[in-house]
Amino acid sequence: MAAALLQAPGVQISGCRVQPQQQSSGGSSSSSSSTTLVAGQSSRSVVLSSAYFGRSKFVARRLWIDKASKKEFCVLRTKKQQQGVQCSVADSSTIQDSVATTQLIPGSEKTPEGVECYGVFCVTYDLKEIDEQKPKTWKKMLRVVVSGAAGMISNHLLFKLASGEVFGHDQPIALNLLGSERSRDALEGVAMELEDSLFPLLREVNIGIEATEVFRDADWALLIGAKPRGPGMERADLLDLNGQIFAEQGKALNAVASPDVKVLVVGNPCNTNALIALKNAPRIPSKNFHALTRLDENRAKCQLALKAGLFYDNVSNVTIWGNHSTTQVPDFLNAKINGKPATEVITDRKWLEEEFTPRVQTRGGALIKKWDRSSAASTAVSIADAIKSLVNPTPKGDWFSSGVFTTGNPYGIADDLIFSLPCRSKGDGDYEIVPDLQIDNYLYERIKKSEKELLAEKKCVAHLIGDENGYCDLPEDTTLPGEQ
Ligand code: LMR
């Protein structure tokens, strides 16, 4: 069985010129073989073209450097599988007449299962930074991983990411989409829609079901996929079930993501899931892990604006303290409306305590009653907002809410939790916790209650975060916003 390059000279495949270089002998794709691939150049990028490797026709498309061995690998892909093969790629200076060669190194097969490029994105990857081929102002490509990619939230989010509205219109991105075996067809459907949307900034779409492959080189990981609580399931069961997913994903991020990857956990219970991911990813700074509470902040802003009879862009400085659950504390004390304390504009303290607060805490449940499913579009918008808050400087004097790692926080919240706090950013993806907010007795008691709940959740997942003496004794009011 010869492993040989079987294309005829000049064959056009998916818009790239294919030029066979040599015949080579070898066995099946799992045995040692030597093949030369030829790259053609499409309008903006160098792409590797098709070749036969073993008995299968592959499209070679992606190059990565194995950090440990410093070796280059190309991904070869067929419709059904893909394979990593050690290769060397001619640098851009040796690319002549739109052709570059990639030499596969014999006997170097390595099989990264579970991730594959999709459709048109298999032939448009920028193999090397060829500046003259790209708009001069574009930044280096960002790789964004999305789990639960075939779900409703992602269906809204992915198109925002691909359009440039989140990371900026000068920021090309690669999307790595993680699904499950069950959602494989739906994942392909999402990729097809992304293809058909012709987003110029979207340079790659990869789909797969193995976190250890899909998370490779991730700059951002948006962890949306989680199991909903099923009938008869105790909350402790949900913590354990989803906790296992996030432990595995934390490990995968630790193994293959960029060392400075920013992680935003959306799947519920998101604070504790984020803590589990963090604890399973010791290589990644703890500060890089977030749990989404921006949705709650947006809900709080909307309610304050409604009560004040103003549009919501007049409302700022809204903090959500604590857990993304019904113990969360939407802070009206430090909030501002038109730059003035919200409590001076809305003087009805009873309303703030007894109507505003529970309305925000239980908004998720109110939505589920209407829709018969969890919020999706507004969650996607709030994920976009949360990212934008980290990649753009926070307006002077304002802040945003995010569930962040508590160790060393200025509010005396117990260390080693993921707790929603007021944050501000310089726009570099990093943030600092805003100190010195006013905490009165009302806020203090509620913040403590949410802290207690998170400490109890942490005990329940002790087995997933390397803690000893775990036991699960959740306070009665431990519920997600959607559970009442
Ligand atoms: C939301 O806040 O809309 C969701 O987290 C609701 C839920 O409990 O799933």
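Since we're looking at a predicted model, the values are computed, not measured. (Residues numbered from 1 in each chain as written. Predicted model: local features only at pLDDT ≥ 70, side-chain atom pairs only at ≥ 80, totals over all residues. Heavy atoms only, no water.)

1. A short note on unusual backbone geometry
Stage number 1. Omega for the bond connecting Asn-268 with Pro-269 falls within 30 degrees of zero, at -5°, which places this linkage in the cis form.
Stage number 2. In this structure, Pro-269 sits in the loop between strand E15 (262–265) and helix H5 (270–279).
Stage number 3. In this structure, Asn-469 is a non-glycine residue whose phi angle is positive, near 60°.
Stage number 4. Tracing the chain through its elements places Asn-469 in the segment after helix H12 (462–465). (Helix = DSSP H or I, 4+ residues; strand = E, 2+ residues; numbered from the N terminus.)

2. Remarks on helix H11 (residues 441–460)
Stage number 1. When the terminal C-alpha atoms of H11 are compared, their 29 Å separation across 20 residues agrees well with the 28 Å that a helix rising 1.5 Å per residue should span.
Stage number 2. All of the buried residues along H11 are Tyr-442, Leu-443, Ile-447, Ser-450, Glu-451, Glu-453, Leu-454, Ala-456, Glu-457, Lys-458 and Cys-460. (Expected span 1.5 Å × (residues − 1). Buried < 20%, exposed > 50% of the residue type's maximum accessible area, 1.4 Å probe, protein only.)

3. Let's talk about the packing of aromatic side chains
Stage number 1. What the rule picks out here adds up to 7 aromatic pairs.
Stage number 2. Note on Phe-311 and Tyr-312: the rings are 4.4 Å apart at their centroids and 25° apart in plane angle, and the pair reads as stacked.
Stage number 3. On the basis of relative accessible area, Phe-311 is assigned to the exposed category, the value being 53%.
Stage number 4. Measuring from ring centre to ring centre gives 5.8 Å for Trp-351 and Phe-356, while their planes differ by 35°; the resulting arrangement is tilted.
Stage number 5. Three or more aromatic residues joined by ring pairs make a cluster, and in this case those are Phe-332, Trp-351, Phe-356 and Tyr-442.
Stage number 6. Of note, Lys-287 hangs over the ring of Tyr-431, and the distance from its end group to the ring centre comes to 4.7 Å.
Stage number 7. Over the aromatic face of Trp-371 sits the side chain of Arg-373, whose NZ or CZ is 3.8 Å from the ring centroid. (Phe/Tyr/Trp six-rings, centres within 6.5 Å; stacked < 30°, edge-to-face > 60°. Lys NZ or Arg CZ within 6 Å of the ring centre and 35° of its normal.)

4. Remarks on the pattern of salt bridges
Stage number 1. Applying the stated criterion to the full structure yields 23 salt bridges.
Stage number 2. In this structure, Glu-181 and Arg-184 form a salt bridge, with 3.8 Å as the shortest nitrogen-oxygen distance.
Stage number 3. For Arg-184, a relative accessible area of 24% corresponds to the partly exposed category. (Salt bridge = Lys/Arg side-chain N within 4 Å of Asp/Glu carboxyl O.)

5. Side note on the packing of helix H6 (residues 294–308) against helix H8 (residues 349–361)
Stage number 1. One can describe the packing of H6 onto H8 by two numbers: an axis separation of 9 Å at closest approach and a directional angle of 140°. If you check the angle between H6 and H8, you find them oblique. With respect to the hand of their crossing, H6 and H8 are arranged in right-handed fashion. Across the interface between the two elements, Asp-296, Arg-299, Ala-300, Gln-303, Leu-304 and Lys-307 of H6 pack against Trp-351, Leu-352, Phe-356, Arg-359 and Val-360 of H8. (Axes fitted to C-alpha atoms, helices over the stretch in contact; angles between N-to-C directions. Parallel < 35°, antiparallel > 145°, perpendicular 65-115°, else oblique. Left-handed = near helix turned anticlockwise from the far one by under 90°. Contact = heavy atoms within 4.5 Å.)

6. Re the sheet that holds strand E21 (residues 340–341)
Stage number 1. Pairing within the open sheet is antiparallel, and its 3 strands lie in the order E17-E20-E21. Across the chains shown, the open sheet's two edge strands, defined by having one partner strand only, are strand E17 (315–316) and E21.
Stage number 2. Bridge count for strand E20 (residues 336–337) against E21 is 2 bridges, and the pairing is antiparallel. Bridging across to E21, Lys-336 finds its partner in Pro-341. (Pairing = 2+ DSSP bridges.)

7. Considerations on the nonpolar core
Stage number 1. Formed by 73 residues in total, the largest nonpolar core has its most connected members in Leu-161, Leu-177 and Leu-194.
Stage number 2. Beyond its immediate stretch of four places on either side in the chain, Leu-177 contacts Val-146, Ala-149, Leu-158, Leu-187, Val-190, Leu-194, Val-205, Asn-206, Ile-207, Gly-208 and Val-214.
Stage number 3. Within the second largest apolar cluster, 35 residues are counted, among which are Ala-218, Phe-246, Cys-270 and Ala-274. (Core = buried A, V, L, I, M, F, W, Y, C linked by side-chain atoms within 4.5 Å.)

8. Here we look at the site of the ligand
Stage number 1. Neighbouring the ligand are Asn-268, Leu-295, Arg-299, His-324, Gly-364, Ser-374, Ser-375, Leu-480, Pro-481 and Gly-482.
Stage number 2. A distance of 3.0 Å is found between an oxygen atom of the ligand and a side-chain nitrogen or oxygen belonging to Ser-374.
Stage number 3. Separating an oxygen atom of the ligand from a backbone N or O atom of Gly-482 is a distance of 2.7 Å.
Stage number 4. Considered on its own, the ligand offers 270 Å² of accessible surface; in the complex 89% of this is hidden by protein. (Near = heavy atom within 4 Å. Polar contact = N/O pair within 3.5 Å; in protein donor to acceptor, adjacent residues only side chain to side chain. Areas by Shrake-Rupley, 256 points an atom, 1.4 Å probe, with all protein chains shown as cover.)

9. Here's the deal with the confidence of the model for the protein chain
Stage number 1. Residues at a pLDDT of 70 or more form 73% of the protein chain, whose mean pLDDT is 81.
Stage number 2. Predicted confidence is poor over residues 106–112, with pLDDT under 50, and the contacts of this stretch with residues over four places away or in other chains come to 30 contacts.
Stage number 3. This stretch, residues 125–131, has a pLDDT under 50; its non-local contacts, to residues over four places away or in other chains, come to 29 contacts. (pLDDT = per-residue confidence, 0-100.)

10. As for the environment of Ile-224
Stage number 1. Locating Ile-224 in the fold gives a position in the loop between strand E14 (220–223) and helix H4 (235–256).
Stage number 2. The class for Ile-224 is buried, based on a relative accessible area of 9%.
Stage number 3. Residues Ile-224 and Leu-292 lie 68 residues apart in sequence; the distance between their C-alpha atoms is 9.9 Å.
Stage number 4. Ignoring sequence-local partners within four residues, the contact set of Ile-224 consists of Val-146, Ser-147, Ile-153, Ser-154, Leu-157, Val-266, Gly-267 and Ile-383.

11. A few points about the environment of Leu-142
Stage number 1. In this fold, Leu-142 is placed in strand E11 (residues 142–147).
Stage number 2. Between the C-alpha atom of Leu-142 and that of Ile-173, which follows or precedes it by 31 residues, the distance is 4.8 Å.
Stage number 3. Ignoring anything within four residues of it in the chain, the contact list for Leu-142 reads Phe-167, Gln-171, Pro-172, Ile-173, Ala-174, Asp-219 and Trp-220.

12. Notes on the side chain of Thr-326
Stage number 1. Mapping Thr-326 onto the fold places it in the loop between strand E18 (319–321) and strand E19 (329–331).
Stage number 2. You can call Thr-326 buried: its relative accessible area is 16%.
Stage number 3. In this structure the side chain of Thr-326 is engaged in a polar contact, spanning 2.6 Å, whose partner is the side chain of Thr-479.
Stage number 4. Among residues more than four places away in sequence, those in contact with Thr-326 are Gln-361, Thr-362, Asp-477, Thr-479, Leu-480, Pro-481 and Glu-483.

13. With respect to the pairing of E14
Stage number 1. Neither face of E14 is open: one carries Trp-220 and Leu-222, the other Ala-221 and Leu-223, and all of them are buried.
Stage number 2. In terms of strand pairing, E14 meets E15 through 4 bridges, oriented parallel. Residue Ala-221 lies in a different strand from E15, and its bridge partner there is Val-263.
Stage number 3. Where the polypeptide runs from E14 across H4 and back to E15, its parallel neighbour, the crossover connection is right-handed. (Right-handed = clockwise from strand over helix to strand, strands pointing away.)

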